[in-house]
Amino acid sequence: MGGKDRFFKQQLTMAGSSPNQLITVPFVMRPFAMVYNKDLFQKAGITTPPTTWTQFVQDAQKMTNPSAGVYGAEIDPSDSFDPWKIWWMFAEQMGGNFISPDLKTAQLNSPEAVQAVKFWFDWATTYKIVNPNSMAWKAGDATQAFANGKVGMFIMVTPTLTPTLQKSAVAGKYAFAPMPTIPYGMQQRPPNGVPAATIVSGDMLAVADYSTVKDLAFKFINLVTDEQHQIQWTQTFGDLPANVQAANSLASQNPQTAAFIQAEAGATPTPFTGVWGPLEVALAGVSSKLADEVATNRYDSSHIKPLLDQANQAIQSQLH
């Protein structure tokens, strides 16, 4: 397949259960980053995207103008996919993880996990930087609000958002940047904090061990992961190449691609475990309940830990 050096090393961290047990080949990658509205930045006197979550909140407050329906950030707690990714990122940066390194202990209710959830809902309850009607939002609603020019910063997005934005009111008025990696209220990460700017995300190719045309399959994988074909794929479908040379070539021509390549440098693998799917579902349930509380003025941050305790118990029972 051209050797390991052909691919981003971060993508290889999810290509198998360990570095010496790789079972797939990275095909394309979808690192997550944030997109921001350049016009709203300019109006608020903000010159560069934030690198800490404290700056993020401060910048979002500068852009927020409820009378114009404009908010500095967005939140989509009714989405089934976004909340866990966002909470995981916050927790990792503070030194937490949802599953212990030996994959035997669920840690969804750790102090870092509780703080991660609290910080996200603080955007609505404390800092007032998101639309108060967004508790029922899913990712599509957040995308629409940003595309309509009503949101300053939209986090946890992939390059595949570009075609939508190019046809919207913010065409030519947005830019991408890596997400901040310094926890709120801190000048630097704690000693055990990870600069998790994105999960390791993308598509892998594998060949079934019962295949009767393995040689042909490997030739195909070798072909579609070479520099030329990876660039063509990106130009057609928007996913970024997992091929290092192809990605760097595109990044040198396009600052938006460069922002995602920069985010990939902080790509952190999620635990390689079969309970990750149920874990996502459990955390989506927690998010939905808390969002409902916020929407009906029943929210109290002390409710976070008991809900995470329940989710943690459910996941722990599947780890044995």
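Residues numbered from 1 in each chain as written. Predicted model: local features only at pLDDT ≥ 70, side-chain atom pairs only at ≥ 80, totals over all residues. Heavy atoms only, no water.

The end-to-end C-alpha separation of helix H12 (residues 276–295) is 28 Å, in line with the 28 Å expected for 20 residues at 1.5 Å each. Within H12, the full set of buried residues consists of Trp276, Leu279, Glu280, Ala282, Leu283, Ala284, Val286, Ser287, Leu290, Ala291, Glu293 and Val294. Of the surrounding elements, those touching the buried residues of H12 are helix H4 (82–94), helix H5 (111–125) and helix H13 (304–319). (Helix = DSSP H or I, 4+ residues; strand = E, 2+ residues; numbered from the N terminus. Expected span 1.5 Å × (residues − 1). Buried < 20%, exposed > 50% of the residue type's maximum accessible area, 1.4 Å probe, protein only. Contact = heavy atoms within 4.5 Å.)

Within the largest apolar cluster, 63 residues are counted, with the highest numbers of intra-cluster contacts made by Phe56, Trp87, Phe90, Phe98, Phe121, Trp123 and Ile155. Sorting elements by how many residues they give to this core places H5 first, with nine residues. Once residues lying within four places of it in the same chain are set aside, the contact partners of Ile155 are Ala33, Met34, Trp53, Phe56, Glu74, Ile86, Met89, Trp123 and Met179. In this structure, Trp137, Val151, Val157 and Ala247 belong to the second largest nonpolar core, which totals 24 residues. (Core = buried A, V, L, I, M, F, W, Y, C linked by side-chain atoms within 4.5 Å.)

Turning next to the sheet that holds strand S7 (residues 240–241). An order of S6-S1-S7 is seen for the three strands of this open sheet, with the pairing classed as antiparallel. Looking along the sheet, the strands with just one partner apiece sit at the ends: strand S6 (202–205) and S7. Relative to S7, strand S1 (residues 25–29) runs antiparallel, the two being bridged by two bridges. By the bridge assignment, Val28 is partnered in S7 with Pro241. (Pairing = 2+ DSSP bridges.)

This brings us to the packing of aromatic side chains. Applying the stated criterion to the full structure yields 23 aromatic pairs. Summarising the aromatic geometry, the rings of Phe81 and Trp84 are spaced 5.9 Å apart at their centres and angled 75 degrees between planes, so their arrangement reads as edge-to-face. Relative accessible area serves as the criterion here: at 38%, Phe81 is assigned to the partly exposed category. A connected cluster of aromatic rings, assembled from ring pairs, spans Trp53, Phe56, Phe90, Phe119, Trp123, Tyr127 and Tyr184. (Phe/Tyr/Trp six-rings, centres within 6.5 Å; stacked < 30°, edge-to-face > 60°.)

In a beta sheet, neighbouring strands pair by backbone hydrogen bonds and run either parallel or antiparallel. Taken together, the three strands give an open sheet; going across it, the order is S3-S2-S4, and neighbouring strands pair in antiparallel fashion. Each edge of the sheet is formed by a strand with only one pairing partner; in this case those strands are strand S3 (153–157) and strand S4 (174–177). Averaged over all adjacent pairs, the angle separating strand axes in this sheet is 25 degrees, with direction ignored. As paired elements, strand S2 (residues 33–37) and S3 share three bridges and run antiparallel to each other. Considered in S3, the bridge of Ala33 is made with Val157. This element, helix H11 (residues 255–264), spans S2, S3 and S4 of the sheet and lies at about 20 degrees to S4. (Axes fitted to C-alpha atoms, helices over the stretch in contact; angles between N-to-C directions.)

What follows is about the environment of Gln107. If you trace the backbone, Gln107 turns up in the loop between H4 and H5. Each C-alpha atom of the pair Gln107 and Gln93 lies 15 Å from the other, and the pair is 14 residues apart in sequence. Sequence-distant contacts of Gln107, that is, excluding residues within four places in its chain, are made with Asn97, Phe98, Ile99, Ser100, Ala113 and Asn312.

Quick look at the pattern of salt bridges now. For the coordinates displayed, the defined rule picks out seven salt bridges. A salt bridge links Asp203 to Arg30; the shortest N-O distance between them is 2.6 Å. Residue Asp203 is found in strand S6, and its partner Arg30 is found in the loop between S1 and S2; the two are separated by 173 residues along the sequence. What makes Asp203 partly exposed here is its relative accessible area of 32%. Between Lys118 and Asp122 there is a salt bridge, with its nearest N and O atoms 3.0 Å apart. Pair noted here: Lys118 and Asp122 are both in helix H5, with a separation of four residues, about one helical turn. If you follow the salt bridges from partner to partner, you end up with Arg30, Asp203 and Asp239 in one network. (Salt bridge = Lys/Arg side-chain N within 4 Å of Asp/Glu carboxyl O.)

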